[in-house]
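This is what each chain is made of:
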Amino acid sequence: MNINYDTLAADYVNYRVPDYRIDAAIRIHIPRGAKILNVGAGQGSYEPDNADVTAIEPSIEMIAKRASTKATAIQGFAESLPFDDNSFDVSLAILTIHHWQDIQKGLSELRRVTRGKIIILTWNGEYGDFWLPEYLPKIAEIDVGLFPSINQVSDLLGKKSDVEVIEIPHDCTDGFMCAYWQRPEMYLNSAARQAISTFSRLGNISDGLDRLRSDIESGQWHKKHAALLSRTTLDCGYRLVIHDKSVA
Ligand SMILES: C[S@@+](CC[C@H](N)C(=O)[O-])C[C@H]1O[C@@H](n2cnc3c(N)ncnc32)[C@H](O)[C@@H]1O
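What comes next is a walk through the structure. All values reported here derive from a predicted model rather than from experimental measurement.

Cut-offs applied
- Sequence order as written defines residue numbering, which begins from 1 separately in each chain.
- Reporting in this predicted model follows two pLDDT cut-offs: at least 70 for local features of residues, and 80 or more for side-chain atom pairs to be given and counted; totals over whole chains, interfaces and linings ignore these cut-offs and use all residues.
- With hydrogens and water set aside, each side-chain value is computed from the structure's full complement of heavy atoms.
- When we say a residue is near a molecule or strand, we mean one of its heavy atoms is within 4 Å of it.
- Under the rule applied, a polar contact is a pair of N or O atoms within 3.5 Å (in protein, one hydrogen donor and one hydrogen acceptor; residues adjacent in sequence only if both atoms are side-chain atoms).
- Exposure was quantified through the Shrake-Rupley algorithm and a 1.4 Å probe, taking into account, for residues, occlusion by the shown protein chains and nothing else.
- Points on a 1 Å grid over protein atoms alone make up a cavity when a 1.4 Å probe fits among them but cannot get out, and a pocket when they form an open set with protein on both sides within 12 Å along at least five of seven lines; lining residues each have an atom within 4 Å of a point.
- Whether a molecule sits in a cavity or pocket is decided by its atoms, more than half of which must lie within 2 Å of the grid points.
- Following the grouping adopted for this structure description, the nonpolar residues are Ala, Val, Leu, Ile, Met, Phe, Trp, Tyr, Cys and Pro, the charged ones are Asp, Glu, Lys and Arg, and the polar ones are all others, Gly among them.
- Every helix listed is a DSSP run of H or I at least four residues long, and every strand listed is a run of E at least two residues long, numbered separately from the N terminus.
- Only protein chains enter the calculation, and the probe is 1.4 Å; a residue is then buried if its accessible area is under 20% of its type maximum, exposed if over 50%, and partly exposed in between.
- Grid points are joined across faces, edges and corners, and a volume is the space filled by probe spheres set on the points.

1. Notes on the site of the ligand
Okay, so step 1: Around the ligand sit 17 residues in total, of which Tyr12, Gly40, Glu57, Ile94 and Thr96 are the nearest.
Okay, so step 2: In this structure, an oxygen atom belonging to the ligand sits 3.4 Å away from a side-chain N or O atom of Ser45.
Okay, so step 3: Look at the ligand: alone it shows 590 Å² of surface, and the protein chains cover 96% of it.
Okay, so step 4: Judged by the proximity of its atoms to the pocket grid, the ligand belongs to the largest pocket.
Okay, so step 5: Each residue belonging to the shell around the ligand can be placed in one class, and the counts come to ten nonpolar, five polar and two charged.

In structure tokens form, the structure reads like this:
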């Protein structure tokens, strides 16, 4: 099933606020003055301000909700980028490649249009201590089926990639799947769930959510996950893949 972000765009801006720590981890790889392409750009999260940014995004609603301070986005797909070879110093693909119809084609297009770094934020298929699959096991099944492995991504980019662990802060402002690992009550919030695309693939999850609610209310969740409560970050499997075409 392909997710149409037109239907998810409404509350995205409220629940998917770019997290400044993740932003810094991405930003450090972008040279000052670089000409940047953001693919699967959505509403513009992690696009540097005051920079030469070209954004491309398939969903009209996501494009319509971009702030006026952001570059105007072109409607289009990763698999067919309407740009000449080597047009950009840096390309970004942030939490998007698992949505592409053809990841191999999309990554090949990124390589074609980029002369320098390709920076991809993705997930490695291992949730670690992220506990939501205890209540909603289908989440793991769906996400493992959607996301390519980090080795696959590196191989498709041409092997020589650096991979960085992106630990998720306990108060992460970007409400993607694992963002609320220390705030279980957020998964009971339907608007927060709506901003996480995997939930729209799940069907009826009321039994799992009822169990989670009950465990939160009884204190069982906090007892079972006490070790998480003193942590400030958690490795939930998010990885930054950085491939520099100019040195590969
Ligand atoms: C989770 S959102 C991430 C958006 C943005 N990069 C961010 O970090 O907020 C995934 C985005 O990928 C876009 N997308 C889906 N299929 C795509 C494709 N084939 N090519 C490019 N983008 C695609 C969706 O429309 C959506 O905006």
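2. Focus on the environment of Gly158
Okay, so step 1: You can see Gly158 is positioned in the loop between α6 (150–157) and β6 (161–165).
Okay, so step 2: Residue Gly158 is classed as partly exposed on the basis of its relative accessible area, which comes to 37%.
Okay, so step 3: Along the chain, Gly158 and Ile118 lie 40 residues apart, while their C-alpha atoms are 11 Å from each other.

3. Remarks on the layout of surface pockets
Okay, so step 1: Put simply, the largest pocket is a space of about 760 Å³.
Okay, so step 2: In terms of lining, the largest pocket is formed by 46 residues, of which the most central are Tyr5, Gly40, Leu95, Thr96 and His99.
Okay, so step 3: When contributions to the lining of the largest pocket are tallied by element, the ones reaching two or more residues are β1 (35–39), β2 (52–57), α3 (60–64) and α5 (138–146).
Okay, so step 4: Computed from the structure, the second largest pocket encloses a volume of approximately 160 Å³.
Okay, so step 5: Taken together, Arg27, Ile30, Pro31, Arg32, Gly33, Ala34, Ile36, Pro48, Asp49, Asn50 and Ala51 form the lining of the second largest pocket.
Okay, so step 6: Tallied by class, residues from the lining of the second largest pocket come to six nonpolar, two polar and three charged.

4. Here's the deal with unusual backbone geometry
Of all residues except glycine, most have a negative phi; of all peptide bonds, most are trans.
Okay, so step 1: One non-glycine residue, Tyr46, adopts positive backbone phi at about 70 degrees.
Okay, so step 2: Within the secondary structure, Tyr46 is located in the loop between β1 and β2.
Okay, so step 3: Owing to a relative accessible area of 3%, Tyr46 belongs among the buried residues under this scheme.
Okay, so step 4: Of note, the phi angle at Leu95 is positive, near 50 degrees, even though the residue is not glycine.
Okay, so step 5: The topology assignment puts Leu95 in the loop between β4 (88–94) and α4 (103–113).
Okay, so step 6: The class for Leu95 is buried, based on a relative accessible area of 14%.

Geometry only, nothing functional implied.
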